[in-house]
Amino acid sequence: MKFLKYIVTCFVMMASLSGCQKTQKLSITNVSYDPTRELYSAYNKQFIHYYQKTYHQAVTVVQSHGGSGKQALEVDNGLKGDVVSLAVQSDVDTLMKSGLIKQGYMHHYPHQSAPYTSTIVFLVRKGNPKKIHDWQDLTKKNVGVITPNPKTSGGARWNYLAAWYAFEKQGLRVTQIKKQMKALYHNVLVLDSGSRASTTTFCENGEGDVLITWENEAYLTMKENPGDYEMIIPSASILCQPTVALVDEVVKEKGTRKVANVYIKHLYSASAQRLIAQNYYRPVNQTIYQKQRATHQSHTIKKLTKCWIVDDLSMTTIEHFGGWAKATKVHFQDGGYFDEIYK
Amino acid sequence: MKSTNKRVIPGFGVNFSLTIIMLSLVVLMPLCSIIIYTSHISFSEFVKIVTDARVMASYGVTLETALIAALVNGVMGLIVAWVLVRYDFPFKSFVNSVIELPFALPTAVAGISLAYLTSRHGIVGQFAGLFGIKIAYTRLGMIVALIFVGFPFVVRTLQPVLEKIDHAYEEAAEMLGADEGYTFRHVLLPEIFPALVSGVTMSFARGIGEYGAVVFIAGNQPFKTEITAILVMSKLQSFDYASATAIALVMLAMSFLILFLNAFIQSKESVKATI
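The name given to chain B in an unreviewed UniProt entry is Sulfate transport system permease protein CysT, with Intestinibaculum porci as the source organism. Database annotation for chain B, UniProt heading Subunit (unreviewed entry): "The complex is composed of two ATP-binding proteins (CysA), two transmembrane proteins (CysT and CysW) and a solute-binding protein (CysP)." If you open the UniProt record of chain B and go to Sequence similarities (unreviewed entry), you find "Belongs to the binding-protein-dependent transport system permease family. CysTW subfamily."

Where an unreviewed UniProt entry is consulted, chain A appears under the name Sulfate transporter subunit, with the organism given as Intestinibaculum porci. According to its UniProt record, chain A has this under Subcellular location (unreviewed entry): "Periplasm". Quoted verbatim from the Sequence similarities (unreviewed entry) field of UniProt, the annotation for chain A is "Belongs to the prokaryotic sulfate-binding protein family."

Q: Looking at this model, I keep getting lost on helix 1 (residues 12-38) of chain B. Mind explaining?
A: Because each turn of an α-helix spans 3.6 residues, side chains separated by three or four positions end up pointing in the same direction. If you check helix 1 of chain B, its first and last C-alpha atoms are 36 Å apart, about what 27 residues at 1.5 Å a residue would give, namely 39 Å. Along helix 1 of chain B, the sharpest change in direction is near 45° and occurs at S24(B).

Q: Would you explain the domain arrangement of chain A in this entry?
A: All names here are of chain A. Taken domain by domain, chain A holds domain 1 (26-115 + 242-280) and domain 2 (118-239 + 301-342). The straight-line distance from the C-alpha centre of domain 1 to that of domain 2 is 26 Å. With 18 residues of domain 1 in contact, the opposing surface of domain 2 contributes 22 residues. Its largest share of buried area at the contact with domain 2, domain 1 owes to P35, V88 and Y280, together 44% of the area lost on that side. Across the domain 1-domain 2 interface, the total number found is 1 salt bridge. Between R196 and E38 there is a salt bridge, and its shortest N-O distance comes to 3.0 Å. Counting across the domain 1 and domain 2 interface gives 5 residue pairs in polar contact (both at pLDDT 80 or more). Listing elements by their share of the side of domain 1 that touches domain 2, those giving two or more residues are helix 2 (37-55), helix 3 (68-76) and helix 4 (89-97).

Q: For this particular structure, what's the right way to read the pairing of strand 2 (residues 59-64) of chain A?
A: Where a strand is regular, its side chains alternate between the two sheet faces. All names here are of chain A. The pairing of strand 1 (residues 26-32) with strand 2 spans 6 bridges and is classified as parallel. Residue pairing for strand 2: T29 is matched across the bridge by V62. A crossover links strand 1 with its parallel partner strand 2, the connecting element being helix 2, and its sense is right-handed.

The rules behind each value
- Residues numbered from 1 in each chain as written.
- Chains lettered and ligands numbered in written order.
- Predicted model: local features only at pLDDT ≥ 70, side-chain atom pairs only at ≥ 80, totals over all residues.
- Heavy atoms only, no water.
- UniProt positions renumbered as here; feature names shortened; annotations may be inferred.
- Helix = DSSP H or I, 4+ residues; strand = E, 2+ residues; numbered from the N terminus.
- Expected span 1.5 Å × (residues − 1).
- Bend = angle between axes of the 7 residues up to and from the residue.
- Domains from an automatic or database assignment.
- Contact = heavy atoms within 4.5 Å.
- Buried area = accessible area lost by both parts, 1.4 Å probe.
- Salt bridge = Lys/Arg side-chain N within 4 Å of Asp/Glu carboxyl O.
- Polar contact = N/O pair within 3.5 Å; in protein donor to acceptor, adjacent residues only side chain to side chain.
- Pairing = 2+ DSSP bridges.
- Right-handed = clockwise from strand over helix to strand, strands pointing away.

Printed below as a string of structure tokens:
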């Protein structure tokens, strides 16, 4: 009888322990694209602190990074991401099509579910030896360009569309633009699978004369290698709106809807928006944005601690290309314009 | 006394069915899924996908770099195996175990470190740059990566064969007046040739399928340094499963053909040996 009692107590203890663990070990995964690594490691710290303070519950956030297209594919194949923060809306759309995310997710959060924006700029080596100032210069002979592959990287799609818009703005017709794009991609030395890999190719391995990249990635690179690189702001570019979304199927299964929802909502809070600006993303909070812009003095990294937003360039948006669904179909699908460039 | 049928592990029926089950589960079923996926598209579509100019170019790049790497491995692997078997030197067992490092190392790690080493900033890349040679992000770099991953195949298939060859054969050849070259060509080479072919074909087959080591060093430029495996990946990432599996099927056929040829040569050689 004593023995039976002992066993029962054991079971009760085990059950209560495992129950405890379930409520204590609250963990969510944020599946994101390459250059957000630094932003989210800073944001996660802030969020964990905020959640503990507001909801009296400890939470851990797991980060996953890679090329945006690849990340979407992994979530589609079963990677349990509670939140996705991908480089292009079309990658989130594929998850919506396979039923993981509900339709209309774009309207769940302010600013079309984009808590931060960015744009596309160039990074060149010190002194700008090849005299690169605008998109036109990238089509010249003997200029080595580094940009990722638009088939696998969201950042690369923004790069491509920014270039397209710049040539379009010169008044060229579609056939002429294609010719220019062909010349540009002919100069591409290494077509990496993601933005971070391209940065490594350009910086660590010393390949190429110019890196086409995210504004935040360019600033981060200059911060980490002071004096080695210069940022070039082309006359035209595109407003990049990375999309954040809740993966409905995963939060339903894991019971993490509340915390994941707060995780995204908190991205729009003033403290997070300031953090976003500190990581060289453009905050959507207009007050903080204007504050950043007002202190803007120079494009050089030395004076960059507070002020960095550049607005003397003409920026288009994805709407110019008819939204992501159309842009993907026309430019990036098999047999689309990007494939034609490489024919 | 039924001693004729006694075997260490009894029961052909049980063993054979286990063999078939394991083979089906581990090898055949995953491969069948490729064929099933591909059957979603019509034959003409299939032909169109796999004969697309860019895909065709990638076959060329893949086969060329894998073949050159396999041949280099054949020559270098033979020399290394020879030294390991025939000579004694300090740290021999250490050297012997280093050979297998490419098997143990994740190939992506190898790819990244090779790319770093042979790029403009790397030690090897800087040195090669003095002679105007570019390694990383060219086909040369891809060959270097494939040599790395295929190297152990040749050494490890040759070693046991070399160990078995009796010194007496060489001595006899020498006594009969053969010079070193003649002895190598007519006494040693026939003995080790099947193993050499087997090692080289395995290295070749591995080179065709390699992804991780090559993707970082290749530069991935269409028509120049884009291998077929990268195309499969990029099709997958644009959620084009049918095209991806169609190309994968072609790669599967290629690898199977190579391994089949290898088995064919092996069986012919073994027939010759018994005669």
